[in-house]
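What follows is each chain in one-letter form.
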Amino acid sequence: MQKITTLLYLFCTVLLTASCRDSRQAADKDTPDPAALNDKAMRIITQARDSSAVYEGLFYLDQAIAMDSTYMAPYINKMNTLLRLNMSEKALETLQKLNERKAIPENVMFEGFIYDRELGDTARAREQYLEAIRLYDEQFGQTGDSVLLLHKGLAILFTEGREAGISYYRQYGSTLAYHPLYGELKRQAEYFNKEQFLRELW
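Bear in mind the structure is a predicted one, so any value in this text is a computation, not a measurement.

Tracing the backbone through its elements, the reader meets Gln128 in helix 7 (residues 122-143). In contact with Gln128, other than residues within four places in its own chain, are Val108, Glu111, Gly112 and Tyr115.

Quick look at the structure:
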């Protein structure tokens, strides 16, 4: 079966872009300390040779969050680090704290992924996917940004299945055809497999 790498690429790019945008905004403030702490933490974590160094990095991520609870990057980095440590419930708790303060649909979707893959709670996962759809629709109504419709397609695949996802991308073809990833996403929706997607996500 063809890998769904483009769907993964799109979703992860959205999260990384949001974090980078968040970082630039924090750096523009008079006190850019949370951004500096986040960067320090990630240098430590990426170069860590043992778990004690990873936990040191997590300590600095917690400091960054404490200094600015709306700054997204350290939450995302902490969540990813905890997932790699097989601390799924702590990772979920971290993401939930971020979403309580600054919910974006991609992060709500990721809550669903953790419920689905790590905790086996498909009912809670579905609630998160549906909430992400609601947020996509709300943001599209506010901004008219058609890229939100492109991202929403993944939530449709998770809640309604492959055939509904294929139909969704066809429905919005005239609106989304300009986007460089549209054609590939529409094709890869035909190969979509939820379990494979979750298995390859981290």
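Right, picking up where we left off after that structure.
Counting across every chain of the model gives 12 aromatic pairs. Ring geometry for Phe158 versus Phe197: centroids 5.4 Å apart, planes at 80 degrees, classification edge-to-face. In this pair, Phe158 sits in helix 8 (residues 147-160) while Phe197 sits in helix 12 (residues 194-201), placing the two residues 39 residues apart along the sequence. Phe158 sits in the buried class, given a relative accessible area of 8%. With a relative accessible area of 0%, Phe197 lands in the buried category. For the pair Tyr168 and Tyr169, a centre-to-centre distance of 5.6 Å together with 75 degrees between the ring planes defines the contact as edge-to-face. The two residues Tyr168 and Tyr169 agree in class, both being buried.

On to the confidence of the model for the protein. For any part of a model where pLDDT is low, the fine detail of the predicted coordinates should not be relied upon. Looking at the protein as a whole, the pLDDT averages 87, with 85% of positions reaching at least 70. Within the protein, the lowest mean pLDDT, 58, falls on helix 1 (residues 5-27), and the highest, 96, falls on helix 7. Throughout residues 23-30 the model reports pLDDT below 50, and contacts reaching past four residues in sequence, or to other chains, amount to eight contacts.

Bringing the nonpolar core into the picture now. Ranked by size, the top nonpolar core spans 56 residues in total, and within it Phe110, Phe113, Ile114, Leu154 and Phe158 carry the most contacts. Considering each element in turn, this core owes the most residues, eight residues, to helix 8.

Before going further, it helps to spend a moment on helix 8. Taking 1.5 Å per residue as the helical rise, helix 8 with its 14 residues ought to reach 20 Å, and the 20 Å between its terminal C-alpha atoms agrees with that figure. Of all 14 residues making up helix 8, 12 are buried, and the element is well covered by its neighbours. Taken as a whole, helix 8 has its buried residues at Leu148, Leu149, Leu150, His151, Lys152, Gly153, Leu154, Ala155, Ile156, Leu157, Phe158 and Thr159.

The full count for this structure, using the stated rule, is nine salt bridges. Between Asp62 and Lys78 there is a salt bridge, with the nearest N and O atoms lying 2.7 Å from each other. Separated by 16 residues along the polypeptide, Asp62 in helix 3 (residues 51-67) and Lys78 in helix 4 (residues 72-84) bring together distant segments of the chain. Residue Asp62 is classed as partly exposed on the basis of its relative accessible area of 36%. Here Glu184 ties to Arg187 by a salt bridge, and the two come within 2.9 Å at their closest N and O atoms. Of this pair, Glu184 and Arg187 are both found in helix 11 (residues 182-189), three residues apart, which corresponds to roughly one turn of the helix. Residue Arg187 is classed as partly exposed on the basis of its relative accessible area of 46%.

This part covers unusual backbone geometry. Even without a glycine there, the phi angle at Asn86 is positive, about 60 degrees. Position of Asn86 among the secondary structure elements: in the loop between helix 4 and helix 5 (88-101). The exposed category is assigned to Asn86, whose relative accessible area is 66%.

Residue position: Glu100 is located in helix 5. Relative accessible area serves as the criterion here: at 65%, Glu100 is assigned to the exposed category. Between the C-alpha atoms of Glu100 and Thr70, which are 30 residues apart in sequence, the distance is 9.7 Å.

Criteria and cut-off values
Within each chain, residue numbers correspond to sequence positions counted from 1 in written order. Under the rules for a predicted model, residues below a pLDDT of 70 receive no local features and side-chain atom pairs below 80 are neither given nor counted, while totals for whole chains, interfaces and linings still include all residues. Side-chain metrics in this entry use all non-hydrogen atoms of the structure; hydrogen atoms and water are not considered. Under the scheme used here, helices are H or I runs from DSSP no shorter than 4 residues and strands are E runs no shorter than 2 residues, and both carry numbers assigned from the N terminus. Should any heavy atoms of two residues lie within 4.5 Å, those residues are counted as being in contact. Side-chain rings of Phe, Tyr and Trp (the six-membered ring for Trp) are treated as a pair once their centres are within 6.5 Å; stacked means planes under 30 degrees apart, edge-to-face means over 60, and tilted covers the remaining angles. Relative accessibility decides the category of a residue: with a 1.4 Å probe and only protein chains considered, values under 20% of the type maximum give buried, values over 50% give exposed, and everything between is partly exposed. Each residue carries a pLDDT score, the predictor's own confidence in it, on a scale running from 0 to 100. Here, nonpolar core means buried Ala, Val, Leu, Ile, Met, Phe, Trp, Tyr and Cys residues that are tied together by side-chain atoms lying within 4.5 Å of each other. Under the convention used throughout, the expected extent of a helix is 1.5 Å for every residue step, that is, one less than its residue count. Any Lys or Arg side-chain nitrogen located within 4 Å of an Asp or Glu carboxyl oxygen qualifies as a salt bridge.

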